[in-house]
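Architecture and fold: a report
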Amino acid sequence: AQSVAQPEDQVNVAEGNPLTVKCTYSVSGNPYLFWYVQYPNRGLQFLLKYITGDNLVKGSYGFEAEFNKSQTSFHLKKPSALVSDSALYFCASGGANNLFFGTGTRLTVIP
Amino acid sequence: SQTIHQWPATLVQPVGSPLSLECTVEGTSNPNLYWYRQAAGRGLQLLFYSVGIGQISSEVPQNLSASRPQDRQFILSSKKLLLSDSGFYLCAWLGAADTKDIGDTQYFGPGTRLTVL
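Along each chain, the written sequence defines residue order, and numbers are assigned to residues from 1. To label them, take the chains in the order written and letter them from A, then take the ligands in the order written and number them from 1. Owing to the predicted nature of the model, reporting of local features is limited to residues with pLDDT of at least 70; listing and counting of side-chain atom pairs is limited to 80 or more, with chain, interface and lining totals taken over all residues. Note that the side-chain values use all heavy atoms of the structure and ignore hydrogens as well as water.

Digging into the pattern of salt bridges
What counts is decided by this rule: A carboxyl oxygen of Asp or Glu within 4 Å of a side-chain nitrogen of Lys or Arg is what we treat as a salt bridge. A run of H or I in DSSP counts as a helix once it spans at least four residues, and a run of E counts as a strand once it spans at least two, with each numbered from the N terminus.
In total, this model carries six salt bridges over all chains according to the counting rule given. For A:Glu66, the salt bridge goes to A:Lys77, with nearest N and O atoms at 3.6 Å. Of the two residues, A:Glu66 is situated in strand E8 (residues 64-68) and A:Lys77 in strand E9 (residues 73-78); the sequence distance between them amounts to 11 residues. A salt bridge links B:Asp71 to B:Arg68; the shortest N-O distance between them is 3.6 Å.

Printed below as a string of structure tokens:
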């Protein structure tokens with residue numbers, strides 16, 4: 001069975017500070033891992049994914065994520081948070097027709 | 001480039017009324033298509049997916065049904081809505097993040113907010 005966990009419902013960070021949104025996975029075999037962002041009353045926007053290769057994946061809007069096989073984690077990071085980064089972030093794992101989403105982490109960037 | 005549309009954007013329906021939500025994709029052919037429901041602004045639940053015209057896989061037995069009458073059209077329906085059908089409905093298609101990608105990323109539409117009263 002595949003699953004992802006986002007242990008934090010809410011993350012607050014000051015503008016300009018680095019941010020981290022955590023995700024751990026439980027997947028048999030090689031994991032396909034994704035990050036999406038959702039703004040209020042909008043669909044999910046794809047940020048980045050890890051399939052294979054470099055453990056550090058760079059994505060849209062300055063976000064990056066680090067795949068850590070030993071810790072089964074895929075944390076989303078950004079060096080300097082913007083107020084406009086405030087949104088709901090989802091980690092997901094799976095293949096084409098069986099994508100499993102975490103419960104989401106609400107990120108608030110405080111001016 | 002590819003785009004995905006959903007309508008209506010919002011819908012308020014009485015209990016027991018029928019439902020039809022539409023999703024269309026432009027700029028691609030024969031995409032895999034998906035319907036999700038998001039309750040309470042959090043987790044996503046996959047409802048249906050389709051790999052081609054007339055091919056529907058149901059993930060969760062419930063009050064809803066899906067159809068794919070055309071290559072790039074995916075419809076979510078109900079004959080009689082329940083209060084529990086309220087939520088944010090998202091359509092997605094399977095595509096490639098860039099020209100080197102193998103096409104295994106789901107891209108989402110803007111969603112339809114359904115309120116059943």
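What to know about the interface of chain A and chain B
Formally: What makes two residues a contact is simply this: any of their non-hydrogen atoms within 4.5 Å. For any pair of parts, buried area is found by adding up, for both, the accessible area (1.4 Å probe) each one loses once the two are put together. Here a polar contact is taken to be a pair of N or O atoms separated by no more than 3.5 Å, where protein atoms must pair a possible hydrogen donor with a possible acceptor and residues adjacent in sequence count only if both atoms sit in side chains. Each residue gets one of three labels, nonpolar for Ala, Val, Leu, Ile, Met, Phe, Trp, Tyr, Cys and Pro, charged for Asp, Glu, Lys and Arg, and polar for the others, Gly among them.
The interface is formed by 23 residues belonging to chain A together with 25 residues belonging to chain B. Carbon and sulfur atoms make up 52% of the area that chain A and chain B hide from each other, which totals about 1,700 Å². Along the contact surface separating chain A from chain B lie one salt bridge. Taking the shortest distance from any N to any O, the salt bridge between B:Asp104 and A:Lys49 comes out at 2.3 Å. Counting across the chain A and chain B interface gives eight residue pairs in polar contact (both at pLDDT 80 or more). Where the side of chain A that touches chain B is concerned, the elements lending two or more residues are strand E5 (33-38), strand E6 (44-50), strand E10 (87-95), strand E11 (98-101) and strand E12 (105-110) of chain A. Here the residues of the side of chain A that touches chain B sort into 11 nonpolar, eight polar and four charged.

Section: the packing of aromatic side chains
Spelled out, the test is: Stacked, tilted and edge-to-face pairs are distinguished by plane angle, under 30 degrees for stacked and over 60 for edge-to-face with tilted covering the rest, among Phe, Tyr and Trp rings (Trp via its six-membered ring) whose centres lie within 6.5 Å. Burial classes: relative accessible area under 20% of the type maximum marks a residue as buried, over 50% as exposed, and values in between as partly exposed (1.4 Å probe, protein chains only). Think of it as a cone above the ring: NZ of Lys or CZ of Arg counts as a charge over the ring if it is within 6 Å of the ring centre and within 35 degrees of the ring normal.
Summed over all chains, the structure comprises 16 aromatic pairs over all chains. Measuring from centroid to centroid gives 5.8 Å for A:Phe46 and B:Tyr107, while their planes differ by 70°, and the two rings are edge-to-face. Residue A:Phe46 is found in strand E6, and its partner B:Tyr107 is found in strand E10 (residues 105-108); the two belong to separate chains. You'll find A:Phe46 and B:Tyr107 in the same group, each marked buried. Both rings, one in A:Tyr50 and one in A:Phe67, keep their centres 4.1 Å apart while their planes meet at 15°; by these two values the pair is stacked. Of this pair, A:Tyr50 sits in strand E6 while A:Phe67 sits in strand E8; the two residues are 17 residues apart in sequence, bridging distant segments of the chain. These aromatic residues form a ring-pair network of at least three members: A:Phe34, A:Tyr36, A:Phe46, A:Phe90, A:Phe101, B:Tyr36, B:Trp93, B:Tyr107 and B:Phe108. In this structure, A:Lys78 is placed above the aromatic ring of A:Phe63, and the distance from its NZ or CZ to the ring centre is 5.0 Å.

Things to note about the sheet that holds strand E3 (residues 19-26) of chain B
Residues and elements named next belong to chain B. Just so we agree on the cut-off: For two strands to be treated as a pair, DSSP must find no fewer than two bridges joining them. Axes, fitted as lines to C-alpha atoms, cover a helix only where it is in contact. Angles between the N-to-C directions of the axes lie from 0 to 180 degrees.
Pairing is antiparallel in the open sheet, where four strands are placed in the order E1-E3-E8-E7. A strand with exactly one partner marks an edge of an open sheet, and here the two such strands are strand E1 (3-7) and strand E7 (65-70). Across this sheet, the average inter-strand angle for adjacent strands is 20°, counted without regard to direction. As paired strands, E7 and strand E8 (residues 73-78) are joined by four bridges and run antiparallel to one another. Opposite serine 67, over in E8, you have isoleucine 75 as the bridge partner.

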